[in-house]
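Chain by chain, the residues run as shown.
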Amino acid sequence: MALSDVMKNLPTEPGVYLFKDSSQKVLYVGKASNLRTRVRSYMVPGGDGRIQIPALIDRSEDIDVVITKSPKDALLLENELIKKYKPPFNVRLRDDKQYLSLRLDPREQWPRLTKVRSFSKDGAQYFGPYTSSQSMREALSTLRKIFPLRSCSDPVLRDYQRRGRPCIEYEMKRCVGPCCDLVSKERYDQLVAGTKLFLRGNSQELIKRLTDRMQSASSDRRYEEAAQVRDQIGAIETTVQRQQIVSEKFINRDIFGLSRVGEEASLQVLQVRDGRMVGAEEYGVSGVKIDNGSAMASFIGQYYAGKEPASIPEEVLSSNEPFESEDISGLLTEKAARRVRVRYPKRGKLKELTDLSVRNASLALGVRLEKRQSIDDALNEIQKKLGLKNYPHTIECYDISTLNGSLPVGSKVVFKEGNPLKSEYRRYKIRDAKGGDDLACLREVLERRILRIESDPMPDLLMVDGGRGQVAVSSSVLADALLTQDHIGIAKEQDSESRSPRVKRGGGLKKEKIFVPGRSNPIFLFPSSRGLLLLQRVRDEAHRFAIEYQRDLRSKINLVSILEELPGIGPVKRKKLIGSFGSLKQVRQASLSNLASVSGISEVDAKVVYEFFNRSD
Ligand code: SF4
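Quick notes on the rules
- Residues numbered from 1 in each chain as written.
- Predicted model: local features only at pLDDT ≥ 70, side-chain atom pairs only at ≥ 80, totals over all residues.
- Heavy atoms only, no water.
- Helix = DSSP H or I, 4+ residues; strand = E, 2+ residues; numbered from the N terminus.
- Buried < 20%, exposed > 50% of the residue type's maximum accessible area, 1.4 Å probe, protein only.
- Contact = heavy atoms within 4.5 Å.
- Pairing = 2+ DSSP bridges.
- Axes fitted to C-alpha atoms, helices over the stretch in contact; angles between N-to-C directions.
- Core = buried A, V, L, I, M, F, W, Y, C linked by side-chain atoms within 4.5 Å.
- Salt bridge = Lys/Arg side-chain N within 4 Å of Asp/Glu carboxyl O.
- Expected span 1.5 Å × (residues − 1).
- Near = heavy atom within 4 Å.
- Nonpolar A, V, L, I, M, F, W, Y, C, P; charged D, E, K, R; others polar.
- Patch = residues over 30% accessible without salt bridge, like charges linked within 9 Å, V, L, I, M, F, W, Y side chains within 5 Å.
- Areas by Shrake-Rupley, 256 points an atom, 1.4 Å probe, with all protein chains shown as cover.
- Lys, Arg positive; Asp, Glu negative; His and termini not counted.
- Charge placed at Lys NZ, Arg CZ, Asp CG, Glu CD.
- Parallel < 35°, antiparallel > 145°, perpendicular 65-115°, else oblique.

Overview of the overall build of the chain
Assigned secondary structure in the chain consists of 21 helices and 18 strands. Split into buried and exposed, the 617 residues of the chain put 49% on the buried side. At a minimum sequence separation of 6, the contacts of the chain that also span at least 24 residues come to 62%.

In C-alpha cells, the structure reads:
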C-alpha cells in the first residue's frame, strides 16, 4: 500500500507513529496529539519544512500508528520506542544505565538514599540523574551533614539493632541512629521531607519550613531541637550561597543549550531553582541526522519522560526553537498538572541564560570530539600496524580465568568505537573443558560464542588474551566455522624474553607482544602509542571481568565439595583438613604453615588450599 493510502485511514486521536522502510525497519518514531493531522503534514511537498523529511519520506514504505489515552502517554511511549528501535532519524538522549540517580523509598520505616542506575515505577522517588559519580558524591556529602538519614542497608541496621549500639556514622553525626531508637519517627520523617525538598532545589520553601519549626521548638522550650534546626538552616544557606545566582526572579527553570558539529551534538541542561543554579547535566549524542529544532524537541521530550512531575520546572528555556514547542508545553503541562512554559528567548536576560547553556555544551562537545579523534587515531593505528582487513569498529576480547585449575570461567568484553559496551559483555562457565587446560577452555568459549552468530554478529576484530597458542585456537575455531575474521592475541613479554633496557623488571612496565595469524614473530607497538593503550585497556577489561565472575562463583559454591576438586586434594585430604581444623571456616582462616602441618597434607597441597581461600584475584 502506498503511503498516501495509509494516510486516509489514520485516526485523529493522540498517539505515536512509526515510519518504516521496505524491510519493516523502523526509521523514525514521532508523537502527536492528533495523529492524522501530524502525519499528513509530512506529505505536503517538501514535508513540514524540516530538512530531513524528504529523505525520510523517500526511504519510508509504511507507517504504523499506536493510539494512546493521552498526549502524555504518547510522550512516554515515544521515548520507549526510540530506546527500543534506535531509529536512524531520531536522536537518543541517553542510555539510562549510564546515569546515576538517588532513590528514596518513603514506604520504608526508616527511608534512606541509595544510588541507582535506572528508574522504575516502584512507588519510590528518584532524584537526578547525576552525570558523574563525583557530582552525586558531593550532593550526598552535603545532604548527610544537613539531613543525617541512615546510610546502612536493612541487614546492617538490624545487626546494629541487635547489638544495641549505633555505628560510627552516628558518632560522626552523619546518621541520627534510628537503629537504636536514638531519633523519634516524627523527627526522622521531618529529615526525609527536608531531604526531598533539598534535592528538588526548593531551598526557599525548605528554609521557611525549618524556620517555622525552629520557632515552635524554641517557644515550646525544646532548645536542643531548636539549635539543631538552626544549624540545619545555616548549612543550607551556606550551600545555597555557593550556588550562582542567575536570576532575580524565584522561578524554577531548566535551560537547554545545544551545540553541534555535523552529526555530533552536546546538550546542556542548567537547572535553576529559586533563581539559583543548582545543577548542570550534559548529554552527548552521536548520529544526529535531523535539524536542531527537531533535535531539541526530541531531547526535551525524552529528558522529561522519565522524570517525576514534581521535578518539572515552571519554565523550560531553549537555545533553539523546538519543533512544535506548543505541543511540548502542552505535554509537560499535562504531566506536571500545572502550567509549564517552553520558551525560546531571542534577546535580553533569558537569552543570556540560554547562551550560557550553549557555551557549556560547546565546551563539553569540544572535549568529546578531541577524545573521539584520539580513539580514531588509535583504531587507525591498530588496523594499519596489524594489517587488519577491517577498521575495528567493534572489538571483542576473550579471557579465561581459573584458580589453580578449579572453577574455570571465560569472559567476553565488547568495545565499540573504542568504548566499552557493557550490555554486550558475557560470562561463560566452562562446561566441558578441563580446568587446567586454558586452550581447551578458550576453544569451548569461542565455539559457544560462534553458535550465537545469528543473533549476535561477529565483531570486526576478535582478540584473545594470550600468545601463539591462543591465536592458533581462535584461528582453528574460526576456520571450522568458515569465518575469516581478523583476530589477534596480546600477551605481556616475559622477563626472560626481554633484552630491551627500557623494560623495567619486577612488575614494572613490560612490553606487549601482539600475535597476528600467519606471522611467525609478534608485533611490538610503541609502548605509549594510542593503539597499544587501547588494546591493553580492552584486554585488561576482559581480565577484570573474568576474575570478577570467578570470584563471584567462588563465593557462591559449596566450598566443602570444591575442596575435593582442587588439584591434588581428594576426599581423603578434605576429610583430614576438616577433621584437623574442625570446620571449613577454620580451614579457610588457617595460615599456610598451619595447613602444611596437617599430617598427609604436603606443602604444595597447603599452598593450593591457602591460595584458593586467600587470593583476592
Ligand atoms: S547509626 Fe545505625 S542506622 Fe545509622 S547508619 Fe549506623 S547502623 Fe545504620
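Quick word on the sheet that holds strand 2 (residues 26–32)
As summarised here, the arrangement of the three strands in space is 2-1-3, forming an open sheet in which the pairing is antiparallel. This sheet does not close on itself; its edge strands, each paired only once, are strand 2 and strand 3 (62–67). On average, adjacent strands in this sheet sit at an angle of 20° to one another, irrespective of strand direction. Summarising the sheet, strand 1 (residues 15–20) and strand 2 pair through six bridges and their orientation is antiparallel. Paired with Tyr 17 across the two strands is Gly 30, which belongs to strand 2. Contacting strand 1, strand 2 and strand 3, helix 4 (residues 71–85) crosses the sheet at an angle of about 170° to strand 2.

Regarding the nonpolar core
By size, the foremost hydrophobic cluster in this structure holds 30 residues, and its most contacted members are Leu 102, Leu 113, Phe 147, Tyr 188, Leu 206 and Ile 236. With six residues, the single largest contributor to this core is helix 8 (residues 185–199). Those residues in contact with Tyr 188, other than ones at most four positions away along the chain, are Trp 110, Pro 111, Leu 149, Arg 150, Val 176, Pro 178 and Val 183. Ile 375, Leu 388, Val 516 and Val 538 belong to the second largest nonpolar core, which has 26 residues in total.

Observations regarding the pairing of strand 1
On a regular strand, one side chain projects to one face of the sheet and the next to the other, so that they alternate. Of all six residues that make up strand 1, six are buried, and the element is covered over most of its length. Of the two faces of strand 1, both are covered, the one formed by Gly 15, Tyr 17 and Phe 19 as well as the one formed by Val 16, Leu 18 and Lys 20. Pairing between strand 1 and strand 3: six bridges, direction antiparallel. What sits directly across from Phe 19, in strand 3, is Ile 63. Connecting the antiparallel pair strand 1 and strand 2 is a turn made up of five residues, with Gln 24 showing a positive phi of about 70°.

A short note on the pattern of salt bridges
Counted according to the given criterion, the structure contains 39 salt bridges. With its nearest N and O atoms 3.5 Å apart, the salt bridge here joins Asp 552 to Arg 427. Of the two residues, Asp 552 sits in helix 16 (residues 530–556) while Arg 427 sits in strand 15 (residues 426–429), which places them 125 residues apart along the sequence. One salt bridge in this structure joins Asp 540 and Arg 539, with 2.8 Å as the shortest N-O distance. Overlapping salt bridges bring together Arg 253, Glu 315, Arg 341 and Arg 343 as one network.

Some details on the environment of Lys 576
As for its placement among the helices and strands, Lys 576 is situated in helix 18 (residues 571–581). Setting aside residues up to four positions removed in sequence, Lys 576 forms contacts with Val 598, Ser 599 and Gly 600.

What to know about helix 13 (residues 348–386)
Note on helix geometry: an α-helix contains 3.6 residues per turn, so any two residues three or four positions apart are oriented the same way. Under the 1.5 Å per step criterion, the end-to-end length of helix 13 is 57 Å for 39 residues, consistent within 8% with the ideal 57 Å. Just beyond helix 13, the residue with positive phi is Gly 387, at close to 65°.

Things to note about unusual backbone geometry
Phi angles above zero are rare outside glycine, and Arg 221 is one such case at about 60°. For Arg 221, the position within the fold is in the loop between helix 9 (203–219) and helix 10 (223–242). Here Glu 417, not a glycine, exhibits a phi torsion of approximately 50°, which is positive. For Glu 417, the location among the structural elements is in the loop between strand 13 (406–416) and strand 14 (419–420).

Here we look at the site of the ligand
Among the 13 residues in the neighbourhood of the ligand, the closest are listed as Cys 152, Cys 167, Cys 175, Pro 178 and Cys 179. At the level of elements, helix 6 (154–163) and helix 7 (168–171) are the ones that each hand at least two residues to the shell around the ligand. Taken together, the residues that form the shell around the ligand break down as nine nonpolar, two polar and two charged.

Details of a positive patch on the surface
A grouping of Arg 117, Lys 371, Lys 422 and Arg 537 is seen on the molecular surface, where their side chains present a positively charged patch. Among the secondary structure elements, Lys 422 is positioned in the loop between strand 14 and strand 15. Residue classification places Lys 422 among the exposed positions, given a relative accessible area of 55%.

Side note on the packing of helix 4 against helix 11 (residues 292–305)
At a minimum axis separation of 9 Å, helix 4 and helix 11 run at an interaxial angle of 100°. With respect to their mutual orientation, helix 4 and helix 11 come out roughly perpendicular. For the pair helix 4 and helix 11, contact is made by Leu 75, Leu 76, Asn 79 and Ile 82 and by Ser 298, Gly 301, Gln 302 and Ala 305, respectively. Residues of the contact of helix 4 with helix 11, tallied by class, amount to four nonpolar, four polar and no charged.

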